[in-house]
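This is what each chain is made of:
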Amino acid sequence: MNRLAAAPVRRSGRAHADATWTRTWIFDLDNTLHDATPNIFPHINRAMTEYLQSALGLDADSASELRRNYWKRYGATLLGLMRHHGTDPYHFLWHTHQFTNLASMVVREPLLRSTLRRLPGRKFVFSNAPVHYARAVLKALGITDLFDAVFAIESTRYRPKPDAHGFLRLVRTNNLRAQRCIMVEDTLVNLRTAKKLGMKTVWVSREKRAPCYVDVKISNLSELRRRLPQLA
Ligand SMILES: [Mg+2]
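Residues numbered from 1 in each chain as written. Predicted model: local features only at pLDDT ≥ 70, side-chain atom pairs only at ≥ 80, totals over all residues.

Caption draft 1: Here's a closer look at the overall build of the protein chain. What the protein chain contains, in helices and strands, is 11 helices and 6 strands. The dimensions of the protein chain, computed from C-alpha atoms along their principal axes, are 90 × 35 × 35 Å. Considering only contacts within the protein chain whose residues lie at least 6 apart along the sequence, 56% involve residues at least 24 apart. (Helix = DSSP H or I, 4+ residues; strand = E, 2+ residues; numbered from the N terminus. Contact = placed C-beta atoms within 7 Å.)

Quick look at the structure:
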């Protein structure tokens, strides 16, 4: 008998892990899938300040202070504007997230696309940003096709992370089980909610230490592949 011919085909450990992988990835967008700090956040902050100046008749300093104040108090400038000034969220988000050349402003990891492609499992984006912007960033990064869906602030009915409401809507809408999801985020408070709901948590950060509700801490997404055993 030809022993070689009779031997079962062995899968490599990695291929086997991919075939049995049942978890779903939920990625935050800004400062997780790309670095928004150098170009995009300053642009959005300027646009929000200008919006407040024009909508509320404020000078630049007062508008900037109010923007930061609402952001600190409510976690998003928009929520303060809706609560105290009846601002139309669609109008605000549209006018504060306009870019003439977004592709030149996104800063990404060099191997972002192949990093994501090599991760087994379905992938979603969950962002507190508006959907038109989230889609434009994914397009600029060249990774749109790697995600099943984009869940943006409109989908949370303007109850952004860390409110559990959006997480639960995302899970329900896509027939997911929170206990089988992995949330990948740069913002700790959002991971705390994810953990409370039973998700695994990945913190993208250069900090040395992580709180107990973080399962895995990485400084680059390229580290995710070798951390899979801790997230299975
Ligand atoms: Mg973020």
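Caption draft 2: Representation of the sheet that holds strand β3 (residues 149-151) within the structure. The 6 strands are arranged β3-β2-β1-β4-β5-β6 in an open sheet whose pairing can be described as parallel. On the outer flanks of this sheet lie β3 and β6 (216-218), each paired with one strand and no other. The sheet shows a mean angle of 20 degrees between the axes of neighbouring strands, direction not considered. (Pairing = 2+ DSSP bridges. Axes fitted to C-alpha atoms, helices over the stretch in contact; angles between N-to-C directions.)

Caption draft 3: Fine view of the environment of threonine 49. Take threonine 49: it is sitting in helix α3 (residues 40-56). Looking at threonine 49, the number of C-beta atoms within 10 Å reads 22, which means it is buried. Spatially, the C-alpha atoms of threonine 49 and aspartate 61 are 8.6 Å apart, while their sequence positions differ by 12 residues. When near neighbours in sequence (up to four residues on either side) are disregarded, threonine 49 contacts Ala60, Ala63, Ser64 and Arg67. (Buried ≥ 20, exposed ≤ 12 C-beta atoms within 10 Å, placed from the backbone.)

Caption draft 4: Quick look at the nonpolar core. Ranked by internal contacts, the top residues of the largest apolar core, which has 38 residues, are Ile26, Val125, Ala134, Ile182, Met183 and Val184. For this core, the secondary-structure elements that each account for two or more residues are β1 (24-27), β2 (123-126), α8 (131-141), α9 (164-173), β4 (181-185), α10 (188-196) and β5 (200-204). The biggest single contributor to this core is α8, with 5 residues. Every residue in contact with valine 184, bar those within four places of it in the chain, is listed here: Trp25, Ile26, Phe27, Asp28, Thr32, Val202 and Val204. Within the second largest apolar cluster, 11 residues are counted, among which are Met48, Tyr51, Tyr70 and Leu78. (Core = buried A, V, L, I, M, F, W, Y, C linked by C-beta atoms within 7 Å.)

Caption draft 5: Inspection of the pairing of β5 at higher detail. Burial within β5 is extensive, with 5 of its 5 residues counted as buried. Burial along β5 is two-sided: Lys200, Val202 and Val204 facing one way and Thr201 and Trp203 facing the other are all buried. Handedness of the crossover joining β4 and β5 through α10 is recorded here as right-handed. Where β5 meets β6, 3 bridges bridge the pair, whose relative direction is parallel. From the neighbouring strand, valine 202 faces β6, where its bridge partner is valine 216. (Right-handed = clockwise from strand over helix to strand, strands pointing away.)

Caption draft 6: Examining unusual backbone geometry more closely. The linkage connecting lysine 161 with the following residue, proline 162, adopts the cis geometry, with an omega of 10 degrees. Tracing the backbone through its elements, the reader meets proline 162 in the loop between β3 and α9. Here the phi dihedral of asparagine 31 falls at roughly 65 degrees; this positive angle occurs in a residue that is not glycine. With respect to the helices and strands, asparagine 31 occurs in the loop between β1 and α3. For asparagine 31, a count of 17 C-beta atoms within 10 Å gives the class partly exposed.

Caption draft 7: Seen up close, the domain arrangement of the protein chain. Splitting the protein chain by domain gives domain 1 (20-35 + 107-231) and domain 2 (40-96). The gap between the C-alpha centroids of domain 1 and domain 2 is 26 Å. Counting residues at the interface gives 4 residues for domain 1, matched by 5 residues for domain 2. For the side of domain 1 that touches domain 2, the class distribution of residues is 3 nonpolar, 1 polar and no charged. (Domains from an automatic or database assignment. Nonpolar A, V, L, I, M, F, W, Y, C, P; charged D, E, K, R; others polar.)

Caption draft 8: Representation of the confidence of the model for the protein chain. With 93% of its residues at a pLDDT of at least 70, the protein chain reaches an overall mean of 93. Segment residues 1-11: pLDDT under 50, and 2 contacts once partners within four positions in sequence are set aside and those in other chains are kept. (pLDDT = per-residue confidence, 0-100.)

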